[in-house]
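Read off the chains here:
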Amino acid sequence: DKDSGDKKLHSLAKSFLTKMPDSVNDILSYLRSSEKLFLLNSVAKESWVKLLLPYMSNRVRNITLALSHDFYTDYNRWRKQIMSDISLTAARYKSLFQETVRSSSQTYVEFCAKLTGYLDTYLELAEVDNFESLKQLLLTDRLKDSLSVKTKSVVHKEMLAKRVTAQTFCNDFRFFRD
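Keep in mind the model is a prediction, meaning the values are calculated, not measured.

Looking at the element boundaries, Ser-15 is found in helix α1 (residues 2–16). Through-space distance from the C-alpha of Ser-15 to that of Ser-87 is 30 Å; in sequence the pair is 72 residues apart.

Quick look at the structure:
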């Protein structure tokens, strides 16, 4: 019966899920860990959002409760919407990766794990799935970083945020010489 199956799932989830962190920067890492646990425990993907609900941070729970019921059974769609609503972007994780410093209370193993998480997230959100896309990402990021403040002020943020090849970027900015 469905009710006893739901109770078993919630009981199982209770045995391995923890409270979602309030820090926006740690939410994606939390989701990844939860996904691994769900897979390890053979939990059907259409149940993931409902099982996470009691463990969500207030911010994520409020966003989730405002969504249509369709999101509750489509984890990938829900995850994408949450990431969008709380501004979990590739640029944010690039910045976190570059600017995070090791605290004196952190071991190098913990610090490396945090950096690895930020880098993995940056590459995932930038849709890097092979060496060529990694090269293009690094080149375009470096080209964007080289733009002067003046040029950045006249160029729309959307243009700087869009993912393009280095060649396309150079063509788009061929007349800028600052």
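On we go.
Core analysis: the largest hydrophobic core is formed by 36 residues, its most contacted members being Leu-17, Leu-31, Phe-38, Leu-52 and Trp-78. Other than its neighbours up to four places away in sequence, Trp-78 contacts Leu-31, Val-49, Leu-52, Met-56, Val-60, Thr-64, Leu-67 and Phe-71. One finds Val-155, Val-164, Phe-169 and Phe-173 within the second-largest nonpolar core, a separate group that totals five residues.

This part takes up the packing of helix α2 (residues 24–40) against helix α5 (residues 75–85). Between α2 and α5, the least distance of the axes is 12 Å, while the angle of their chain directions is 165°. It follows that α2 is roughly antiparallel to α5 by the angle criterion. For the crossing formed where α2 meets α5, the hand is right-handed. Between α2 and α5, the residues in contact are Leu-28, Leu-31, Arg-32 and Glu-35 and Tyr-75, Trp-78, Arg-79 and Met-83, respectively. Residue composition of the contact of α2 with α5, grouped by class: five nonpolar, no polar and three charged.

Considering all chains together, one arrives at five aromatic pairs under this definition. Aromatic side chains Phe-16 and Phe-38 sit 5.8 Å apart centroid to centroid with 80° between the ring planes, which places their arrangement in the edge-to-face category. Taken together, the positions of Phe-16 in helix α1 and Phe-38 in helix α2 put the pair 22 residues apart, joining distant regions of the chain. Exposure class is identical for Phe-16 and Phe-38. Each is buried. Summarising the aromatic geometry, the rings of Tyr-75 and Trp-78 are spaced 5.5 Å apart at their centres and angled 40° between planes, so their arrangement reads as tilted. Of this pair, Tyr-75 and Trp-78 both sit in helix α5, three residues apart, roughly one helical turn. Here Tyr-75 and Trp-78 have matching classes, each one buried. Among the aromatic residues, ring-to-ring pairing joins Phe-16, Phe-38, Trp-48, Tyr-75 and Trp-78 into one connected group. The cationic tip of Arg-77 hangs over the ring face of Phe-71; the distance from NZ or CZ to the ring centre is 3.9 Å. For Arg-102, the ring lying beneath its charged end belongs to Tyr-108, and the centroid distance is 4.0 Å.

Reading the values: the criteria
- Residues numbered from 1 in each chain as written.
- Predicted model: local features only at pLDDT ≥ 70, side-chain atom pairs only at ≥ 80, totals over all residues.
- Heavy atoms only, no water.
- Helix = DSSP H or I, 4+ residues; strand = E, 2+ residues; numbered from the N terminus.
- Core = buried A, V, L, I, M, F, W, Y, C linked by side-chain atoms within 4.5 Å.
- Buried < 20%, exposed > 50% of the residue type's maximum accessible area, 1.4 Å probe, protein only.
- Contact = heavy atoms within 4.5 Å.
- Axes fitted to C-alpha atoms, helices over the stretch in contact; angles between N-to-C directions.
- Parallel < 35°, antiparallel > 145°, perpendicular 65-115°, else oblique.
- Left-handed = near helix turned anticlockwise from the far one by under 90°.
- Nonpolar A, V, L, I, M, F, W, Y, C, P; charged D, E, K, R; others polar.
- Phe/Tyr/Trp six-rings, centres within 6.5 Å; stacked < 30°, edge-to-face > 60°.
- Lys NZ or Arg CZ within 6 Å of the ring centre and 35° of its normal.

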